[in-house]
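Fold and geometry: a report
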Amino acid sequence: MAAAATVVELKLDMDYKGNIRIAIADNGTGMDRDGLLNAMKYGSARRPNPASLGKFGLGLKTASTAFCRRLSVISRDKGSAPLLEATWDLDHVVKRGKWELLLSDNVDEEAAELLNEIAPKKSGTVVLWTKIDRMFGREYKNAGGAHAQNALMRAISGLKEHLSMVYQRFLDPKDTRAPNLEIRVNGDAVQAWDPFCEGVSDIIGNEVVPTEMGSGKEAEFSVRAFILPRKEEFPNEAAARRAKLSNERQGLYIYRENRLIHEADWLGMYSKEPHGTLLRVEFSFDHRLDEAFHIDIKKSQIILNEDLWNWLKDEFLTAPRREANNRYRTGQKAAARKKAEGSHDTSNQNIASKESEIDSAEVNVKNPETGEVLVTNKQGTFKLKLRVEKAHRPGEVYVQPVDGLDDGALFSPAIIDGHKAVKINTSHPYYHKVYVPNLSRGVTIQGMDSLLWGLCVAELSTISDTTSKHFEEMRFEVSRILRKLVEDLPDPEIEENVAA
């Protein structure tokens, strides 16, 4: 970190009147009087280390006064030095009609106590926010009541999550790219969150790209593409939960000087489609490329030049996106199979209750091993080949979901435990995009199942030696057309889709 701190402690609390107080203490190098005055100056002087996380001299002040009306900084540059406090009080500025920095050696007692806890008789700094009026985005009737306290707890939880992601490289003692740092929030240590799940994810792309600057100096950036495991592929459930698998987490994670400044975004290259859920890309650079990447004042936005943007989109990310899509599709097929289990039971029960009333062909199985059957209908008696099988589940003898069919057909007639049946291909895009989103809607599934079963029974009732090939070709053609028609339909959000 900029001040060479090894410990940062944040304390957030609210009194019974709803007044919120936030103190951020560190055991870094601290500041003497001149250093403190410079730090409180808008557009403060550049730090001697160009790799500092600070760049424009505005972050401390602008970030603080976005939430509070009073910002104080208490610091000392060595353990024997007295503490000094500098304050920007916006109410005081309004009252006096000018920007007047308040300087005092009579420092806030709680802030001094906190600093002495983490940096006893050593240098350090405390940033103190009081008169906080823009914390929740709304006012509570009882400012210090249960609802406001709960809102503060939610804010603290969100803060921990944010810190664990932004300062992951600093917080992880195993990560040697950044100096180790301990961050505590109200006494609780913040744990590093690795969005890439290194150790269990696959690295599909890894490039270190040298860049020549306009001044003739050289710099470099690195980019790595990770494909995360599906949920069931993680070592355990806890690891899968920590990965936070979701469609919104895919994208580029951009690091400047080891700090995350922009996360989970494709920078306009692609939209966040479910088939990219498992893909996360790490993009890292240092201060030497600030100008090239147009880093904004907040250091939270990056604009890539056209050549780099095109290289990422059209060259580097092509293979990782293809592999992520393949793994997603594999997972989707497994998820569809799992979700299909039992979803056609009502259809089977409904058809069973009507089977005797439907005038259809008579089918006699001659050889269950080869699928040879004799079909007798109004056209006569014909020797054909059908799938002859046993039920996968009790009662599943009319409509049976299967992993695949010849030539990728959507459906096919079959004989299951002596009953005329339809086998439905759960790997077909029509099943994935039309069936799966409706599997919980019994009437809709019954309607679609009844249609496919009815087509298969009608085929057997009218088939002959001369038309059997035509029926087969018709099923394949219908399957091909449906595959094309559902092409632009959205992928369903299956709970298991990144998992199964």
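See the structure shown above.
Summarised in this report is the structure supplied together with it. Predicted, not measured: the structure shown is a model, and the values here were computed from it. Per-chain numbering applies: the sequence of each chain, read as written, is numbered from 1 onward. Per-residue local features are limited, in this predicted model, to residues with pLDDT of at least 70; the limit for side-chain atom pairs, both in listing and counting, is 80 or more; totals at the level of whole chains, interfaces and linings are taken over all residues. Side-chain metrics rest on all non-hydrogen atoms present in the structure, leaving aside hydrogens and water.

Once that is clear, we can look at the layout of surface pockets. For the second largest pocket, the calculated volume is near 530 Å³. What lines the second largest pocket is a set of 18 residues, and nearest its centre among them are Asp172, Ala192, Asp194, Cys197 and Glu198. Numbered from the N terminus, helices here are DSSP runs of H or I no shorter than four residues, and strands are runs of E no shorter than two. When residues in the lining of the second largest pocket are grouped by element, the largest group, 3 residues, is from helix α7 (residues 237-243). Here the residues of the lining of the second largest pocket are counted per class, giving 8 nonpolar, 3 polar and 7 charged. We place a 1 Å grid over just the protein atoms. Points where a 1.4 Å probe fits but has no way out form a cavity, open points with protein on both sides within 12 Å along at least 5 of 7 lines form a pocket, and any residue with an atom within 4 Å of a point lines it. Grid points are joined across faces, edges and corners, and a volume is the space filled by probe spheres set on the points. Each residue is assigned to one of three groups, with Ala, Val, Leu, Ile, Met, Phe, Trp, Tyr, Cys and Pro labelled nonpolar, Asp, Glu, Lys and Arg labelled charged, and all others, Gly among them, labelled polar.

Moving on: the sheet that holds strand β9 (residues 202-212). Two strands qualify as a pair provided DSSP detects at least 2 bridges between them. Within the open sheet, the 5 strands sit side by side as β9-β10-β13-β11-β12. Their pairing is mixed. Each edge of the open sheet carries a strand with a single partner, namely β9 and β12 (259-265). Ignoring strand direction, the axes of neighbouring strands in this sheet form an average angle of 15°. Relative to strand β13 (residues 279-285), strand β11 (residues 251-256) is paired through 6 bridges, and the arrangement is parallel. The partner of tyrosine 255 across the bridge, within β13, is serine 284. Where helix α8 (residues 306-316) meets the sheet, it contacts β9, β10 (218-227) and β13, and its direction lies at approximately 35° from that of β10. Interaxial angle, 0 to 180 degrees, is taken between N-to-C directions of lines fitted to C-alpha atoms, where a helix line uses only the stretch in contact. Any pair of residues with heavy atoms lying within 4.5 Å of one another is described as a contacting pair.

Here the focus is unusual backbone geometry. Of note in this structure, leucine 267 is not a glycine but carries a positive phi near 55°. Here leucine 267 shows up in the loop between β12 and β13. The backbone of aspartate 407 shows a phi angle near 60°, a positive value even though the residue is not glycine. The exposure class of aspartate 407 is exposed, given its relative accessible area of 68%. For the exposure calls, accessible area comes from a 1.4 Å probe over protein chains only, and a residue counts as buried if that area is under 20% of its type's maximum, exposed if over 50%, partly exposed in between.

Across a sheet, paired strands are connected by hydrogen bonds in the backbone, their directions being either parallel or antiparallel. Read from one edge to the other, the open sheet built from 4 strands follows the order β17-β19-β20-β18, with strand pairing classed as mixed. On the outer flanks of this sheet lie β17 (387-389) and β18 (399-402), each paired with one strand and no other. When the angles between neighbouring strand axes are averaged without regard to direction, this sheet yields 40°. Inspection of the sheet shows β17 paired to strand β19 (residues 411-416) by 3 bridges, in the parallel sense. Note on β19: the bridge partner recorded for arginine 387 is alanine 414.

Below, the discussion takes up the packing of helix α10 (residues 345-354) against helix α12 (residues 442-462). Between α10 and α12, whose axes approach to 9 Å, the crossing angle comes to 55°. As far as their axial angle goes, α12 and α10 are oblique. Considering the relative orientation of α10 and α12, their crossing is right-handed. Contacts between α10 and α12 involve Thr346, Ser347, Asn350 and Ile351 from the former and Ile445, Gln446, Asp449, Ser450 and Trp453 from the latter. Roughly parallel refers to an angle under 35 degrees, roughly antiparallel to one over 145, roughly perpendicular to one between 65 and 115, and oblique to any angle outside these ranges. By the definition used in this description, the sense in which the near helix is turned from the far one sets the handedness, with an anticlockwise turn below a right angle giving left-handed and a clockwise turn giving right-handed.

Here we take up the packing of aromatic side chains. In summary, the pairing rule links any two rings of Phe, Tyr or Trp, Trp by its six-membered ring, whose centres are within 6.5 Å, and it sorts them by plane angle into stacked for under 30 degrees, edge-to-face for over 60 and tilted for everything else. Within this structure, the stated rule accounts for 14 aromatic pairs. Measuring from centroid to centroid gives 5.4 Å for phenylalanine 196 and tyrosine 253, while their planes differ by 75°, and the two rings are edge-to-face. Remark: tyrosine 253 occurs in strand β11 and phenylalanine 196 occurs in the loop between β8 (188-189) and β9; sequence separation between them is 57 residues. In this pair, the class of phenylalanine 196 matches that of tyrosine 253, namely buried. Relative to tyrosine 270, the ring of tryptophan 266 lies with its centre 5.4 Å away and its plane at 80°, an arrangement referred to as edge-to-face. Taking the relative accessible area as the measure of exposure, tryptophan 266 reaches 1% and is therefore buried. Exposure remark for tyrosine 270: the relative accessible area of 18% places this residue in the buried category. Through a chain of ring-to-ring contacts, the aromatic side chains of Phe221, Phe283, Phe285, Trp311 and Phe316 assemble into a single cluster. Only when the NZ of Lys or the CZ of Arg is both within 6 Å of the ring centre and within 35 degrees of the ring normal is a charge said to sit over the ring. If you follow arginine 169 out to its NZ or CZ, it ends over the ring of tyrosine 255, 3.9 Å from the centre. When the ring centre of tyrosine 270 is taken as origin, the NZ or CZ atom of arginine 321, which lies over that ring, is 3.6 Å away.

Moving on to the environment of phenylalanine 226. Counting through the fold element by element, phenylalanine 226 comes out in strand β10. Among the residues examined, phenylalanine 226 registers a relative accessible area of 1% and is labelled buried. Each C-alpha atom, one on phenylalanine 226 and one on proline 320, is 7.8 Å from the other, the two residues being 94 residues apart in sequence.

Moving on, we get to the pattern of salt bridges. Just to be clear on terms, a salt bridge is a Lys or Arg side-chain nitrogen sitting within 4 Å of an Asp or Glu carboxyl oxygen. Considering all chains together, one arrives at 38 salt bridges under this definition. Residue aspartate 133 pairs with arginine 69 through a salt bridge whose shortest N-O separation is 3.4 Å. Here aspartate 133, found in the loop between β6 (124-132) and α5 (146-166), pairs with arginine 69, found in strand β3 (residues 68-76); they are 64 residues apart in sequence, far enough to count as distant. For arginine 69, a relative accessible area of 26% puts it in the partly exposed group.

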